[in-house]
Structure formats: structure tokens, C-alpha cells
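# Remarks on the overall topology
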Amino acid sequence: MHAAPSSSSPLTYDPAALVDEYLRVLMIPDPVAARRFVSPELKIRFTGGREMIDPAQCAAFNAGRYGWVKKRFEATEVVTGATLEQAIVYNRGTLYGVWPDGEAFEGNRYVDRYVVRHGLIVHMDVWNDSAERMLVRAGLAEL
């Protein structure tokens, strides 16, 4: 689902489609190709407050946390009032894949928030259930 941007400053691109394509490429994973969607000033705040500045860092983190992982998109939504200068985009859904020990998983919820300026992603926040799942698997959290 893609929400319509504000008509006060018509967009010449679709920020939701940009985020969807960025995520598709990043989850291949192809962090080199994913760089074409991001600003050189990119700031990423990954699960657990981990700060990153490059899509390759996301791919490397995922490679250490999972055997493999993919996203199943449920919705990509542009916040009302988006302009050519800036759009806020949320992508949410679930993760599925395999833990490093080979156990399959699915249904881990995620929400990503993007700030897109002039057609490039400048900020990305990532939240998901996997962090909590890893604590449970390690016996460090109570259910």
C-alpha cells in the first residue's frame, strides 16, 4: 500500500517504490547495488541502537545473526505531507529465514523507518523481534 504524497510540491519519484527496491536489493544481499539508493550522509540505527553508515554494514550484521534472512513486506507507507525535498516512509512486515544453528524461523515482526531527501535515503531506523528472540535462545530473557 503506497499513500499519496502532498500535492503542494509534486514528487518526481515514488518514495515508497524507492524504499521497496532498496530493501529488495539489500536483502539479496547486494549492498554495493543498494548504495545507489542512499545518500553519502546515510545514518542507520539498527536493532539494539547499533549505528551504521553503509548498507554493507547491515548485510554483514545480518550475516552474523542469521544463516540467511528475508523480509516479507506487508505495507510500505509514505507519511502524509511528503514533498520532493523530504518524505518519511515506513516499511513493515515479517522476517523469515534460518538461524545460524540451522533452525528455520518465520513471523518475526519488523518495522523500518526511512527519511528520503531528494530521492535518496538519508536515515534508516530498523526494529525487529529477532533481537528479543536471540536473548531468549541464549537464556538471557524471560518469556
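See the structure printed just above.
Read on for a plain summary of the structure. In every chain, residue numbers begin from 1 and rise along the written sequence. Confidence filtering applies because this is a predicted model: local features only for residues at pLDDT of at least 70, side-chain atom pairs given and counted only at 80 or more, and all residues used for totals across whole chains, interfaces and linings. Here the side-chain values reflect all heavy atoms present in the structure, with hydrogen atoms and water set aside.

Here a helix means four or more residues in a row that DSSP labels H or I, a strand means two or more in a row labelled E, and each is numbered from the N terminus. Counting through the fold element by element, Asp-20 comes out in helix 1 (residues 15-26). Relative accessibility decides the category of a residue: with a 1.4 Å probe and only protein chains considered, values under 20% of the type maximum give buried, values over 50% give exposed, and everything between is partly exposed. In this count, Lys and Arg are taken as positive residues and Asp and Glu as negative ones, while His and the chain termini are left out. By definition here, a salt bridge exists when the distance from a side-chain nitrogen of Lys or Arg to a carboxyl oxygen of Asp or Glu is within 4 Å. Notably, Asp-20 is buried but unbridged: the nearest opposite-charge side chain belongs to Arg-24, and the N-O separation is 9.6 Å. A distance of 2.5 Å separates polar atoms of two side chains, one belonging to Asp-20 and the other to Thr-76. Between N or O atoms, a polar contact is any pair within 3.5 Å; within protein, one atom must be a potential hydrogen donor and the other a potential acceptor, and residues adjacent in sequence are included only when both atoms are from side chains. One polar contact links Asp-20 to Asn-91, side chain to side chain, over a distance of 3.5 Å.

Bringing the pattern of salt bridges into the picture now. Summed over the entire model, instances satisfying the criterion amount to 6 salt bridges. Note that Glu-21 and Arg-24 form a salt bridge whose closest N and O atoms lie 2.7 Å from each other. Placement of the pair is Glu-21 and Arg-24 together in helix 1, with a separation of 3 residues, close to one helical turn. Look at Glu-21 and you get partly exposed, because its relative accessible area is 25%. Residue Arg-24 is classed as partly exposed on the basis of its relative accessible area, which comes to 46%. Between Lys-71 and Asp-112 there is a salt bridge whose closest N-O contact spans 2.3 Å. With Lys-71 in strand 3 (residues 68-78) and Asp-112 in strand 5 (residues 104-117), the pair connects residues that are 41 residues apart, well separated along the chain.

We now examine the packing of aromatic side chains. In summary, the pairing rule links any two rings of Phe, Tyr or Trp, Trp by its six-membered ring, whose centres are within 6.5 Å, and it sorts them by plane angle into stacked for under 30 degrees, edge-to-face for over 60 and tilted for everything else. For the coordinates displayed, the defined rule picks out 7 aromatic pairs. Ring plane angle 85° and centroid distance 5.9 Å describe the contact between Trp-68 and Tyr-96, whose orientation is recorded as edge-to-face. Taken together, the positions of Trp-68 in strand 3 and Tyr-96 in strand 4 (residues 87-98) put the pair 28 residues apart, joining distant regions of the chain. Judged by its relative accessible area of 24%, Tyr-96 is partly exposed. Chaining the aromatic ring pairs together yields one cluster made of Tyr-22, Phe-37 and Tyr-114. Comment: the charge-over-ring label is applied if NZ (Lys) or CZ (Arg) is within 6 Å of the ring centre and within 35 degrees of the ring normal. Here the basic side chain of Lys-71 rests over the ring of Tyr-110, its NZ or CZ set 4.3 Å away from the ring centre. Across from the ring centre of Tyr-96, 4.3 Å away, lies the NZ or CZ of Arg-72, which sits over that ring.

What follows concerns the side chain of Asn-91. Here Asn-91 is to be found in strand 4. Classification of Asn-91 by relative accessible area gives buried; the value is 0%. Looking at Asn-91, its side chain comes within polar contact range of the side chain of Thr-76, at 2.8 Å.

Turning to unusual backbone geometry, a few remarks are in order. Look at the link from Ile-28 to Pro-29: it is a cis peptide, with omega at -5°. Mapped onto the fold, Pro-29 is located in the loop between helix 1 and helix 2 (31-34). Although it is not a glycine, His-118 adopts a positive phi angle of roughly 50°. Tracing the chain through its elements places His-118 in the loop between strand 5 and strand 6 (120-128).

On to the sheet that holds strand 6. The 6 strands lie next to each other as 2-1-6-5-4-3, forming an open sheet whose pairing is mixed. Each edge of the open sheet carries a strand with a single partner, namely strand 2 (50-52) and strand 3. When strand polarity is set aside, the average angle formed by the axes of neighbouring strands in this sheet is 20°. Pairing between strands requires that DSSP locate at least two bridges from one strand to the other. Relative to strand 6, strand 5 is paired through 8 bridges, and the arrangement is antiparallel. When the sheet's bridge partners are listed, Tyr-114 is paired in strand 6 with Met-124. Across the sheet, helix 1 lies against strand 1 (38-46), strand 3, strand 4, strand 5 and strand 6, angled at about 180° from strand 3, the strand it touches most. Contacts are assigned to residue pairs that have any heavy atoms within 4.5 Å of one another. Only C-alpha atoms enter the line fits that serve as axes; for helices the fit covers just the stretch in contact. Angles between N-to-C directions range over 0 to 180 degrees. Sitting on the sheet, helix 3 (residues 55-65) touches strand 1, strand 2, strand 3 and strand 6, and the angle it makes with strand 1 is about 30°.

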